[in-house]
Amino acid sequence: MSKEQLASLTQAQRDRLAFIELRLWFVGEFRRHDLVNRYGIQAAAATRDIGQYRELAPHNVEYDTRGKVYIPAEPFHPIFSFPPERVFNWLAKGYGDSEPLRSRSIVVQDGSSIPTKVDLQRLSVLTRAIYSESSVGIAYRSLSSGLTKREIVPFALADNGLRWHVRAYDRRSNEFRDFVLGRLEDARIIPGAIQDHERQDQDIQWNRVTELDLVPHPGNIHHPDTIEAEYGMRNGVLHVRTRAAMAGYLLRRWNVDCTKDHRLRGAEYHLWLRNRQALYGINNLMLAPGYSEADTDV
């Protein structure tokens, strides 16, 4: 496939071919009706698009006659360049699956973030495993154990505001855990069925939803109406629903004072958690600013 061949395509054609590539790479399968449903085109037009992609990347696609589905060939070499944030956007929200364009912003914008390494090939192994309900063998760097080999059963990706991780059952510790994507050194799908206790519906922390009541910090904020307006609070309270598995990340990211008596001081603490009882039974509260089990309510 040459740059000239890609350059000869219209943007609409490139978008549809990019969609085919994303499905193959990160879902692990592609059907003609995926194109028909996504772009509202006729079946004959979808067939032409599939043929065009196979012409451009003949070694990327195989046809599974048993399942009547296109699957990625090995090795798979993408012909489009997708930045990781675009892939996450597509995986999380199901849009933005066209080829990225270099275009001028309508307004000046800037942002800074800590760079993290995400290998899209390893990510594709995880997403295909999630889709097919398979287990994955990984090499993973943890802060406590260093580089270890594990078998996990992934079922969801999650964004904690700073980095992405995969939620999975860890066969090494026999519990559900979060694995930071940037710490993966290797990933491969393991053939075979997963066990019932490894499935998403058995992850209590993931399936439990809690509601947090956030209010302007009583000790740090002199004009609470400013915070109420900024966060769109009603009657002075912002009600936030979150999975228990994600609660600690949210409280840390928003710098929510989780002490019983709102004693944390500092300009970064604009919010206080009014209903600490909502945190009982949540596992990752070491991330919650000021939270202590000894600081119990009476």
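First, a word on scope: everything that follows refers to the structure included in this document. (Residues numbered from 1 in each chain as written. Predicted model: local features only at pLDDT ≥ 70, side-chain atom pairs only at ≥ 80, totals over all residues. Heavy atoms only, no water.)

In this section: the overall build of the chain. Helix and strand counts for the chain come out as nine helices and eleven strands. Each principal axis of the C-alpha distribution contributes one length, and for the chain these read about 70 × 50 × 35 Å. Out of the 298 residues in the chain, the part that is buried amounts to 45%. For the chain, long-range pairs separated by at least 24 residues make up 60% of all intrachain contacts whose partners lie at least 6 apart in sequence. A total accessible area of about 17000 Å² is found for the chain, and carbon and sulfur atoms account for 48% of it. A gap of 2 Å separates the mean positions of the 40 positive and 38 negative side-chain charges of the chain. (Helix = DSSP H or I, 4+ residues; strand = E, 2+ residues; numbered from the N terminus. Buried < 20%, exposed > 50% of the residue type's maximum accessible area, 1.4 Å probe, protein only. Contact = heavy atoms within 4.5 Å. Areas by Shrake-Rupley, 256 points an atom, 1.4 Å probe, with all protein chains shown as cover. Lys, Arg positive; Asp, Glu negative; His and termini not counted. Charge placed at Lys NZ, Arg CZ, Asp CG, Glu CD.)

Now for the pairing of strand 8 (residues 209–216). With six of its eight residues buried, strand 8 lies for the most part within the structure. With three bridges joining them, strand 8 and strand 11 (residues 271–273) adopt antiparallel strand pairing. The residue of strand 11 that forms the bridge with Val215 is Trp272. (Pairing = 2+ DSSP bridges.)

Its 13 residues place the ends of helix 6 (residues 120–132) 18 Å apart at the C-alpha level, agreeing with the 18 Å of an ideal helix rising 1.5 Å per residue. All buried positions along helix 6 are accounted for by Leu120, Leu123, Ser124, Val125, Leu126, Thr127, Arg128 and Ala129. The backbone nitrogen of Gln121 lies 2.9 Å from a side-chain oxygen of the residue at the head of helix 6, namely Asp119. Looking one or two residues past helix 6, Glu133 carries a phi angle of roughly 55°, positive in sign. (Expected span 1.5 Å × (residues − 1). Polar contact = N/O pair within 3.5 Å; in protein donor to acceptor, adjacent residues only side chain to side chain.)

What follows is about the sheet that holds strand 8. On the basis of which strands lie adjacent, the open sheet formed by four strands has the order 9-8-11-10 and mixed pairing. Either end of the sheet is taken by a strand with one partner, and the two such strands are strand 9 (238–243) and strand 10 (256–257). In the sheet, strand 10 pairs with strand 11 via two bridges, with the strands oriented parallel. Each residue of the ladder has a partner; that of Asp257, found in strand 11, is Trp272. Packing against the sheet, helix 8 (residues 224–231) makes contact with strand 8, strand 9 and strand 11, and its axis sits at approximately 140° to strand 8. Strands strand 8, strand 9 and strand 10 of the sheet are contacted by helix 9 (residues 244–253), whose axis makes an angle of about 130° with strand 9. (Axes fitted to C-alpha atoms, helices over the stretch in contact; angles between N-to-C directions.)

What follows covers the side chain of Thr148. Along the chain, Thr148 falls in strand 4 (residues 146–159). On the basis of relative accessible area, Thr148 is assigned to the buried category, the value being 10%. At 3.1 Å, the side chain of Thr148 and the side chain of Arg150 are in polar contact.

Moving on: the environment of Gln205. Here Gln205 shows up in helix 7 (residues 204–207). For Gln205, a relative accessible area of 10% gives the class buried. On a C-alpha basis, the gap between Gln205 and Lys68 in space is 38 Å, while along the polypeptide they are 137 residues apart. Apart from the residues lying within four places of it in its own chain, the contact partners of Gln205 are Arg167, Arg243, Ala244, Ala245, Gly281, Ile282 and Asn283. A polar contact is formed between the side chain of Gln205 and the backbone oxygen of Gly281, at a distance of 2.9 Å.

Moving on: the packing of helix 2 (residues 11–27) against helix 4 (residues 43–56). Close contact between helix 2 and helix 4 brings their axes to 10 Å; oriented N to C, the two are set at 75°. Classified by the interaxial angle, the pair formed by helix 2 and helix 4 is roughly perpendicular. Of helix 4, the residues touching helix 2 (which contributes Gln13, Arg16, Leu17, Ile20, Glu21 and Leu24) are Asp49, Ile50, Gln52, Tyr53 and Leu56. Taken together, the residues of the contact of helix 2 with helix 4 sort by class into six nonpolar, two polar and three charged. (Parallel < 35°, antiparallel > 145°, perpendicular 65-115°, else oblique. Nonpolar A, V, L, I, M, F, W, Y, C, P; charged D, E, K, R; others polar.)

Turning our attention to the sheet that holds strand 3 (residues 135–142). Spatial strand order, 6-5-4-3-7: five strands in an open sheet with antiparallel pairing. Here the strands that pair on one side only, and so sit at the sheet edges, are strand 6 (175–180) and strand 7 (184–190). Each strand axis lies, on average, 45° off the axis of its neighbour in the sheet, ignoring direction. Relative to strand 4, strand 3 runs antiparallel, the two being bridged by seven bridges. Residue pairing in the sheet places Arg141 in a bridge with Leu147 of strand 4. Along the sheet, helix 9 contacts strand 4, strand 5 (164–170) and strand 6; its crossing angle with strand 5, the most-contacted strand, is approximately 145°.

Treat this as a map of the structure, not an account of what it does.
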